[in-house]
Amino acid sequence: MSKVNEEMINTTDYIETVNLLKSLIEIPSISRNENQLADFLQHYLEIIGMETGRKGNNVWCLSPTFSLDKPTILLNSHIDTVKPVSGWMKNPFEAVISNSKLYGLGSNDAGASLVCLLRVFLTLCKTNQPYNLIFLASCEEEVSGEKGISDVLNDLPPISFALVGEPTEMQPAIAERGLMVLDITTHGKAGHAARDEGINAIYLALDDINWLRNYHFERVSPLLGEVKMTLTMIQAGTQHNVIPDRCSMVVDIRSNELYTNQELFEMIKANIKSDVAAHSFRLNSSHISEQHPFVQRVIELGRIPFGSPTLSDQALMSFPSLKMGPGKSSRSHTADEFIYLQEIEEALPLYYKFLNGLTL
């Protein structure tokens, strides 16, 4: 173990953390099919003496001395993974250590964060802290599913702050982009392509496409930059000799913390002629103040705040939250996903240092 470790985090903790991650990798837990892994994790927690709660495939436990007189910190990461992408040269469901890397689907996103947060939770539960702790292993994060974290938060005691485990190289993501997906439909009138009749829906859509491509929202975040609006799918026409009467488009909106999704929707709707419908408004951008005690603590200990372009369960939290964990975001959802063993070794004492004695 490296010199950075606190005495409360020892070699045994590190070994047990790696072994647990290896076990989790070898239990397939594709989004919406996490029941086997949830069973395993719940059993693991109960075997070591923790009382657990469960709703669907969300599993949690509270610190043994939980008191409503103290603020509560939520330690959260997710148990689900995406489907293996093409290109894997290794078995995605076999945990393999090679060249100081642990390979396997979910090793980086977000298994390493999950097991490190759990180990630190168990360690802190043996100490007296000025706060309560809840450890929550949530499901359906990768698909922003309605049976994931949003289905369980109301069953938990009030939460003051959440530390969300995602691969950020143990740097604090104090803001992250939100997501809104729009279906945009332009209506024309069908006609024969050989005659001067009909109204071409593709041509009608061109002005809206141009606006979507070139419009810049005014509020620019110092952490996340501009709102990102991207036309990603388009479909029109049925055959070569028929004027298309319908043009359907899908637009991906990545919001910053200066706009709500509802606000962006209303602005887009007011500026284009086509019909606009949002899949959901629920995945808003999130942001925590640099003056928050946890942020101040991690800055004092050498961490550098940043804004994350990727989405997490933070989008569904109504309380202050921050995203931080071992691993690197660019490894997520890739073939032969891995985590460096050193990243786990370093994350354990860092999490402990950030949380030990923290006053909210």
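Residues numbered from 1 in each chain as written. Predicted model: local features only at pLDDT ≥ 70, side-chain atom pairs only at ≥ 80, totals over all residues. Heavy atoms only, no water.

### What about the overall build of the protein?
So, point 1. Regarding its fold elements, the protein presents seven helices and 18 strands.
So, point 2. Considering only C-alpha atoms, the protein reaches an extent of 80 × 45 × 35 Å along its principal axes.
So, point 3. Burial statistics for the protein: of 360 residues in total, 52% are counted as buried.
So, point 4. Put simply, 80% of the contacts in the protein that link residues at least 6 apart link residues at least 24 apart. (Helix = DSSP H or I, 4+ residues; strand = E, 2+ residues; numbered from the N terminus. Buried < 20%, exposed > 50% of the residue type's maximum accessible area, 1.4 Å probe, protein only. Contact = heavy atoms within 4.5 Å.)

### Remarks on helix α4 (residues 201-214)
So, point 1. End to end, α4 covers 20 Å across 14 residues, agreeing with the expected 20 Å (1.5 Å per residue, within 8%).
So, point 2. Considering bend angle alone, the principal kink of α4 is centred on D207 and spans about 30°.
So, point 3. Among the residues of α4, A201, A205, D208, W211 and L212 are the ones counted as buried.
So, point 4. Looking at the buried residues of α4, the elements they touch are β9 (180-187), β11 (228-236), β13 (246-254) and α5 (261-271).
So, point 5. One side-chain oxygen of the residue at the start of α4 lies 2.9 Å from the amide nitrogen of I202, identifying that residue as N200. (Expected span 1.5 Å × (residues − 1). Bend = angle between axes of the 7 residues up to and from the residue. Polar contact = N/O pair within 3.5 Å; in protein donor to acceptor, adjacent residues only side chain to side chain.)

### Structural notes on a nonpolar patch on the surface
So, point 1. On the surface, I202, Y203 and L206 cluster together to form a nonpolar patch covering roughly 310 Å² of accessible area.
So, point 2. Locating L206 in the fold gives a position in helix α4.
So, point 3. By relative accessible area, which is 44% here, L206 ends up partly exposed. (Patch = residues over 30% accessible without salt bridge, like charges linked within 9 Å, V, L, I, M, F, W, Y side chains within 5 Å. Areas by Shrake-Rupley, 256 points an atom, 1.4 Å probe, with all protein chains shown as cover. Salt bridge = Lys/Arg side-chain N within 4 Å of Asp/Glu carboxyl O.)

### What about the packing of helix α1 (residues 11-25) against helix α2 (residues 35-47)?
So, point 1. Following both chains from N to C, one finds α1 and α2 inclined at 155°, their axes separated by 10 Å at the closest point. With respect to α2, the element α1 is oriented roughly antiparallel. In this structure, α1 uses L20, S23 and L24 to contact α2, whose residues at the interface are L37, F40 and Y44.
So, point 2. For the contact of α1 with α2, the per-class residue count stands at five nonpolar, one polar and no charged. (Axes fitted to C-alpha atoms, helices over the stretch in contact; angles between N-to-C directions. Parallel < 35°, antiparallel > 145°, perpendicular 65-115°, else oblique. Nonpolar A, V, L, I, M, F, W, Y, C, P; charged D, E, K, R; others polar.)

### Quick notes on the sheet that holds strand β4 (residues 96-98)
So, point 1. One open sheet accounts for three strands, arranged β4-β5-β18; its pairing is antiparallel. Each edge of the sheet is formed by a strand with only one pairing partner; in this case those strands are β4 and β18 (338-340). For this sheet the average axis-to-axis angle between neighbouring strands, irrespective of direction, equals 25°.
So, point 2. Running over the sheet, α1 touches β4, β5 (101-103) and β18 and is turned about 25° from β5.
So, point 3. Sheet strands touched by helix α3 (residues 107-124): β5 and β18. Its angle to β18, the strand with the most contacts, is close to 45°. (Pairing = 2+ DSSP bridges.)

### Section: the confidence of the model for the protein
So, point 1. Averaged over the protein, the pLDDT score is 96; the fraction of residues at 70 or greater is 98%.
So, point 2. For residues 1-6, every residue scores under 50 in pLDDT, and the model assigns this stretch 12 contacts once sequence neighbours within four places are set aside. (pLDDT = per-residue confidence, 0-100.)

### Some thoughts on the side chain of S321
So, point 1. Position of S321 relative to the elements: it lies in strand β17 (residues 321-323).
So, point 2. One polar contact links S321 to Q314, side chain to side chain, over a distance of 2.9 Å.
So, point 3. Apart from residues lying up to four places away in sequence, S321 is in contact with F161, A162, I288 and Q314.

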